[in-house]
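# Coordinates in review
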Amino acid sequence: MTVRGLRLAPFRGLRYAPERVSSLAAVTSPPYDVVVTPDGLRDLETADPYNIVRLILPQAEDPRTRHHKAAETLRRWQADGVLARDPQPALYVYEQRKGELLQRGLIGALRLSAPEEGVVLPHEDVIDHVVADRADLMREMAANPEPLLLSYRGDGTRTGATAVIERATCGTPLAATTTENGFAHRLWAVTDPAELAEVDAELSRHSALIADGHHRWATYLRLRAEQGGSDSGSGPGQESPWNYGLVLLVDTARYPLQVRAIHRVLPRLPLKRALDLLDRTGAAYGEEGAFRIRTLEAPLDEALEELEDTAGNAFLLTEGEGVFHLLDQPSPTLVARTVPAGRPAAWRKLDATVLHSTLLDAVWQVPDRPEDISYLHNTEAAIEQAAAYGGTAVLLRAVPEATVRELAEQGVTMPRKSTSFGPKPATGLVLRTIADVPR
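Residues numbered from 1 in each chain as written. Predicted model: local features only at pLDDT ≥ 70, side-chain atom pairs only at ≥ 80, totals over all residues. Heavy atoms only, no water.

### Digging into the confidence of the model for the chain
- Of all residues in the chain, 95% have pLDDT values of 70 or greater, and the mean over the chain is 91.
- Contacts for the low-pLDDT stretch residues 232-237, under 50 throughout, to residues beyond four places or in other chains number 10 contacts. (pLDDT = per-residue confidence, 0-100. Contact = heavy atoms within 4.5 Å.)

What follows is the structure, given as structure tokens:
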């Protein structure tokens, strides 16, 4: 069977038994790639002995031991009743609310599709060793421990999936909690066959953009290939469970996502050297500089506002809050020589493209390795990390969702970690085990 649109299947979710944990908030976590500091990991581990971080980021000396440890922990928690499987297959309506921000979507097992089918559109490249590590973890656990975030554009009416979602939210939720970041989370189960058919009829007409979770999507595809999953089969209940992956689908016509930047920290590149290399590169081209550089002695919010108001490619460099260096007006000759040709103009003009091709690769010659580049969503955390290591924080602007989707529909991927969509789903509200074949 060839997938011609989104096919979101119900499954028997694995969820925390409320009586076995201190609170639902204490056992949830941000996605694995947002927990980037040792302090953040320790805070989650000490919040509750059953915090989900022990499954998504197990700690041990070597990878094989880590993955085995996570699998053993998952099996033990199920045996002890800490995690219990829901009695019947469901799609899960998931709501996040904070102040005026409201996001609702559907969590389910999405049938995987080949990239060339254009059903699920990636917009960023991935790193192979990260995919390999996630694949080793999920293979050992035989589970999808956290959903990735996909967005699609509905027609804006209260029909189909939207109607099912809004009817569900009138009932009593299966689970409700408020996490430390101030977001209130609620979860409902949709099990009625007529409502499931209503959702399927609408989603099968749509494609989706990967908003967050490119490495997890690539992991799903890798595991499907190695475990014998395929696009063949006469129906969901008669095919490999590896043909599916856990996702949250959000209709951005109804619930627009927030789009934010992902910043870079270069711990081995002191700010003075970064600026000196820019001057030398400009001199080599017979120009005053590779970029125009302006020093801003201002609070962070004012510096970021200046960055947002700057036309063309622009970046903020800092080694600690208080003094920022605004880079803009890159040398056209330098950009032409360093940014690869043969790509759409929208891709060539991306800040992330110029950052990686011109600054990181050509001017600073910083290899894209974890020890040389950190990717942080939080601006203050990026600045703090740069200060702690004596390195440089490179602060970026967000890419508009329309640009992301335009490139994705052309099959063009952006440099990885180019932008961050949110709010991201909390990890730990519902898990999917591979033994559960979607129906």
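### As for the sheet that holds strand β16 (residues 314-318)
- Reading across from one edge, β15-β17-β16-β19-β14-β18 is the order of the 6 strands in this open sheet, with antiparallel pairing throughout. Each edge of the open sheet carries a strand with a single partner, namely β15 (292-297) and β18 (374-376). Sheet twist, expressed as the average angle between the axes of neighbouring strands with direction ignored, equals 25°.
- Note: strand β14 (residues 263-266) against strand β19 (residues 392-395), 3 bridges, orientation antiparallel. Bridged to R264 within β19 is V394.
- Sheet strands touched by helix α9 (residues 271-284): β15, β16, β17 (323-328) and β19. Its angle to β16, the strand with the most contacts, is close to 140°.
- Packing against the sheet, helix α10 (residues 300-308) makes contact with β15, β16, β17 and β19, and its axis sits at approximately 155° to β16. (Pairing = 2+ DSSP bridges. Helix = DSSP H or I, 4+ residues; strand = E, 2+ residues; numbered from the N terminus. Axes fitted to C-alpha atoms, helices over the stretch in contact; angles between N-to-C directions.)

### A look at the pattern of salt bridges
- Summed over all chains, the structure comprises 25 salt bridges.
- A salt bridge links R294 to E306; the shortest N-O distance between them is 3.7 Å. Here R294, found in strand β15, pairs with E306, found in helix α10; they are 12 residues apart in sequence, far enough to count as distant.
- You can call E306 partly exposed: its relative accessible area is 31%.
- Linking R369 and E371 is a salt bridge whose minimum nitrogen-to-oxygen distance equals 3.5 Å. (Salt bridge = Lys/Arg side-chain N within 4 Å of Asp/Glu carboxyl O. Buried < 20%, exposed > 50% of the residue type's maximum accessible area, 1.4 Å probe, protein only.)

### Concerning the side chain of R134
- Among the structural elements, R134 can be located in helix α5 (residues 128-141).
- Given the relative accessible area of 6%, R134 is considered buried.

### Looking at the packing of aromatic side chains
- Enumeration according to the criterion identifies 5 aromatic pairs in this entry.
- With a centroid separation of 5.5 Å and an interplanar angle of 85°, the aromatic rings of Y50 and W77 are classed as edge-to-face. Within this pair, whereas Y50 is found in the loop between α2 (38-47) and α3 (53-56), its partner W77 is found in helix α4 (residues 63-79), the two being separated by 27 residues in sequence.
- Taken together, a centroid distance of 6.2 Å and an interplanar angle of 70° make the contact between F291 and F315 edge-to-face. Remark: F315 occurs in strand β16 and F291 occurs in the loop between α9 and β15; sequence separation between them is 24 residues.
- One aromatic cluster in this structure is built from Y16, Y50 and W77.
- The ring of Y32 has R134 lying over it, and the distance from NZ or CZ to the ring centre is 3.9 Å.
- Above the ring of W347, the side-chain terminus of R343 is found at 4.4 Å from the ring centroid. (Phe/Tyr/Trp six-rings, centres within 6.5 Å; stacked < 30°, edge-to-face > 60°. Lys NZ or Arg CZ within 6 Å of the ring centre and 35° of its normal.)

### Re the environment of L271
- Relative to the assigned elements, L271 resides in helix α9.
- When the C-alpha atoms of L271 and E319 are compared, they prove to be 6.1 Å apart, with 48 residues separating the residues in sequence.
- Setting aside residues up to four positions removed in sequence, L271 forms contacts with L317, T318, E319, H325, G391 and T392.

### Some points on unusual backbone geometry
- Along the chain, G422 connects to P423 via a cis peptide bond; the corresponding omega equals 5°.
- Positive phi, normally seen in glycine, also occurs at A142, with a value near 55°.
- Inspection of the secondary structure assignment puts A142 in the loop between α5 and β7 (143-144).
- Judged by relative accessible area, which is 30%, A142 ranks as partly exposed.
- In this model, Q365 sits at a positive phi of 55°, which is unusual for a non-glycine residue.
- Relative to the helices and strands, Q365 is located in the loop between α13 (351-363) and β18.
- Given the relative accessible area of 62%, Q365 is considered exposed.

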